[in-house]
Amino acid sequence: MRLLRRRSDTPAAVERAEPVDPASGADSLDPRRTPGKGKPTPRRREAQRRRTGPVAPPPRTRREAYRRMREQGADRKAELREGLRTGDERYLTPRDRGPERRLVRDIVDSRRNAGVLFLFVAVVYMIGLFVRDVRFQAIAVSLWLTVLVLLVADSTVLGLRIRKLIRERFPDTRQSMRGLIFYGVTRATMIRRWRAPKPQASVGDRV
């Protein structure tokens with residue numbers, strides 16, 4: 001028993017029994033362990049909070065929650081309108097995306113199109129169907145036929161221009177030429193301020 005007591009009291013035993021302080025840096029001397037960064041790695045939630053700022057507290061009442069929903073909806077609508085105004089691809093529909101479609105829009109928006117008269121004459125023609133005045137009906141029909149002829153001629157010129165520029169600038173495009181021409185003619189029949197995406201080219205600009 002005396003031998004065991006003396007052996008346990010030796011400095012080596014005391015040294016082995018002593019706990020190692022993790023903050024004392026002793027782990028860095030162990031070759032089996034990888035040295036740390038010196039500071040704890042932030043969690044994903046904490047990193048996200050640092051990037052976006054402090055998270056707003058949850059709404060306390062139903063009215064406050066409804067007000068926040070309206071504000072978020074208004075912000076999304078404003079962002080969408082701005083994206084449509086600038087022609088940002090992220091906010092466009094699949095029908096309007098692509099450099100070919102952008103070029104077609106610029107071609108249409110940079111010229112005066114006879115197609116914008118189509119809506120006005122269509123309204124006059126519909127009114128003429130309900131008016132029993134023979135002279136007014138004759139004028140409405142004549143105006144309608146004249147605009148149709150102008151529309152066909154202008155659409156033909158517009159289609160040829162679209163075909164020419166698309167082949168020059170996008171010779172390897174996979175989009176249908178017929179679809180691009182129809183896209184341009186449809187846009188040309190709309191009033192300028194009603195067009196979406198908003199026109200990026202002014203009338204008379206060289207495309």
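These numbers come from a predicted model, not from an experiment. The written sequence of each chain sets the order in which its residues are numbered from 1. At least 70 in pLDDT is required for a residue's local features to be given in this predicted model, at least 80 for side-chain atom pairs to be given and counted, and no such filter applies to totals for whole chains, interfaces and linings, which use all residues. Side-chain figures throughout are based on the complete set of non-hydrogen atoms in the structure, without hydrogens or water.

### Side note on the overall build of the chain
As a reminder, the rule being used: We count a stretch as a helix when DSSP gives it H or I for four or more residues in a row; a strand needs E for two or more, and each element gets its number in order from the N terminus. Between two residues, a contact is recorded if the distance between any of their heavy atoms is within 4.5 Å. Using a 1.4 Å probe, the Shrake-Rupley method yields the accessible areas, and only the shown protein chains count as cover for residues.
Within the chain, the regular secondary structure consists of 8 helices and 0 strands. In sequence order, the secondary structure elements of the chain are arranged as α-α-α-α-α-α-α-α. Within the chain, counting contacts between residues at least 6 apart in sequence, those at least 24 apart form 64% of the total. Per element, the accessible surface of the chain, about 16900 Å² overall, is 58% carbon and sulfur.

### Some words on the packing of helix 7 (residues 134–169) against helix 8 (residues 177–188)
Put simply, the test is: Helix axes use the C-alpha atoms of the stretch in contact, all axes being lines fitted to C-alpha atoms, and the angles between their N-to-C directions lie in the range 0 to 180 degrees. Angles below 35 degrees are treated as roughly parallel, those above 145 as roughly antiparallel, those between 65 and 115 as roughly perpendicular, and all remaining angles as oblique. The crossing is said to be left-handed when, going from far helix to near helix, the turn is anticlockwise and less than a right angle, and right-handed when the turn is clockwise. Put simply, Ala, Val, Leu, Ile, Met, Phe, Trp, Tyr, Cys and Pro go in the nonpolar bin, Asp, Glu, Lys and Arg in the charged bin, and everything else, Gly too, in the polar bin.
Close contact between helix 7 and helix 8 brings their axes to 9 Å; oriented N to C, the two are set at 130°. Here helix 7 is positioned oblique relative to helix 8, judged by the angle of their axes. With respect to the hand of their crossing, helix 7 and helix 8 are arranged in right-handed fashion. In this structure, helix 7 uses Ser155, Leu158, Gly159, Ile162, Arg163, Ile166 and Arg167 to contact helix 8, whose residues at the interface are Met177, Leu180, Ile181, Gly184, Val185 and Ala188. Residues belonging to the contact of helix 7 with helix 8 are distributed by class as follows: 8 nonpolar, 3 polar and 2 charged.

### Section: the packing of aromatic side chains
Convention followed: Stacked, edge-to-face and tilted are the three classes for Phe, Tyr and Trp ring pairs, Trp counted by its six-membered ring, which pair at centre distances within 6.5 Å; planes under 30 degrees apart are stacked, over 60 edge-to-face, the rest tilted. Each residue's exposure class comes from its accessible area (1.4 Å probe, protein chains only) as a fraction of the maximum for that residue type: buried when under 20%, exposed when over 50%, partly exposed otherwise.
Here the structure, examined in full by the defined rule, presents 2 aromatic pairs. Summarising the aromatic geometry, the rings of Phe118 and Trp144 are spaced 5.6 Å apart at their centres and angled 40° between planes, so their arrangement reads as tilted. On the criterion of sequence distance, the pair formed by Phe118 in helix 6 (residues 117–130) and Trp144 in helix 7 is long-range, its members being 26 residues apart. Overall, Phe118 belongs to the partly exposed group, its relative accessible area being 27%.

### Considering the pattern of salt bridges
Proximity of charged atoms lets side chains of opposite charge pair with each other. For clarity, the cut-off: In the sections that follow, a salt bridge refers to a side-chain nitrogen of Lys or Arg positioned within 4 Å of a carboxyl oxygen of Asp or Glu.
A full pass over the atoms with the stated rule returns 5 salt bridges. Its salt-bridge partner being Arg187, residue Asp109 comes within 3.0 Å of it at the nearest N-O pair. Note that Asp109 is positioned in helix 5 (residues 99–109) and Arg187 in helix 8, a separation of 78 residues in sequence. Considered together, Asp109 and Arg187 belong to a single accessibility category, that of buried residues. Because the salt bridges share partners, they merge into one network encompassing Asp109, Arg187 and Arg195.

### Details of helix 5
Residues spaced three or four apart along an α-helix point in a common direction, a consequence of the helix completing one turn every 3.6 residues. Burial within helix 5 is extensive, with 8 of its 11 residues counted as buried. Contacts from the buried residues of helix 5 go to helix 7 and helix 8.

### So, the nonpolar core
Stated formally: What makes a nonpolar core is a set of buried Ala, Val, Leu, Ile, Met, Phe, Trp, Tyr and Cys residues whose side-chain atoms join them at distances within 4.5 Å.
Counting 13 residues, the largest nonpolar core has Leu103, Val104, Ile107, Val108, Leu158, Ile162 and Ile166 as its most contacted members. When contributions to this core are tallied by element, the ones reaching two or more residues are helix 5, helix 7 and helix 8. Counting residues per element, this core draws most heavily on helix 8, at 5 residues. Setting aside chain neighbours within four positions, we find Ile166 in contact with Glu100, Leu103, Val104, Pro171, Thr173, Met177 and Leu180.

### Things to note about the packing of helix 6 against helix 7
Packing of helix 6 against helix 7 leaves a shortest axis separation of 9 Å and a crossing angle of 155°. Of the possible angle classes, the one that applies to helix 6 and helix 7 is roughly antiparallel. Our pair here, helix 6 against helix 7, has a crossing hand that is left-handed. Residues Leu117, Phe118, Val121, Ala122, Val124, Tyr125, Ile127 and Gly128 of helix 6 form the contact with helix 7, whose own contacting residues are Phe136, Gln137, Ala140, Val141, Leu143, Trp144, Val147, Leu148 and Leu151. Partitioning the contact of helix 6 with helix 7 into residue classes produces 15 nonpolar, 2 polar and no charged.

### What about unusual backbone geometry?
Glycine aside, a negative phi is what most residues show, and trans is what most peptide bonds show. In the segment running from Ala196 into Pro197, the intervening peptide bond is cis, with an omega of -5°. Here Pro197 is to be found in the segment after helix 8.

### Quick look at the confidence of the model for the chain
Rules: Note: pLDDT gives the predictor's confidence per residue, expressed from 0 to 100.
The predicted model of the chain averages 77 in pLDDT, with 69% of residues at 70 or higher. The secondary structure element of the chain with the lowest average pLDDT is helix 1 (residues 2–8), at 44, and the one with the highest is helix 8, at 96. Contacts of residues 1–31 to residues separated by more than four positions or lying in other chains number 6 contacts, the stretch itself having pLDDT below 50.

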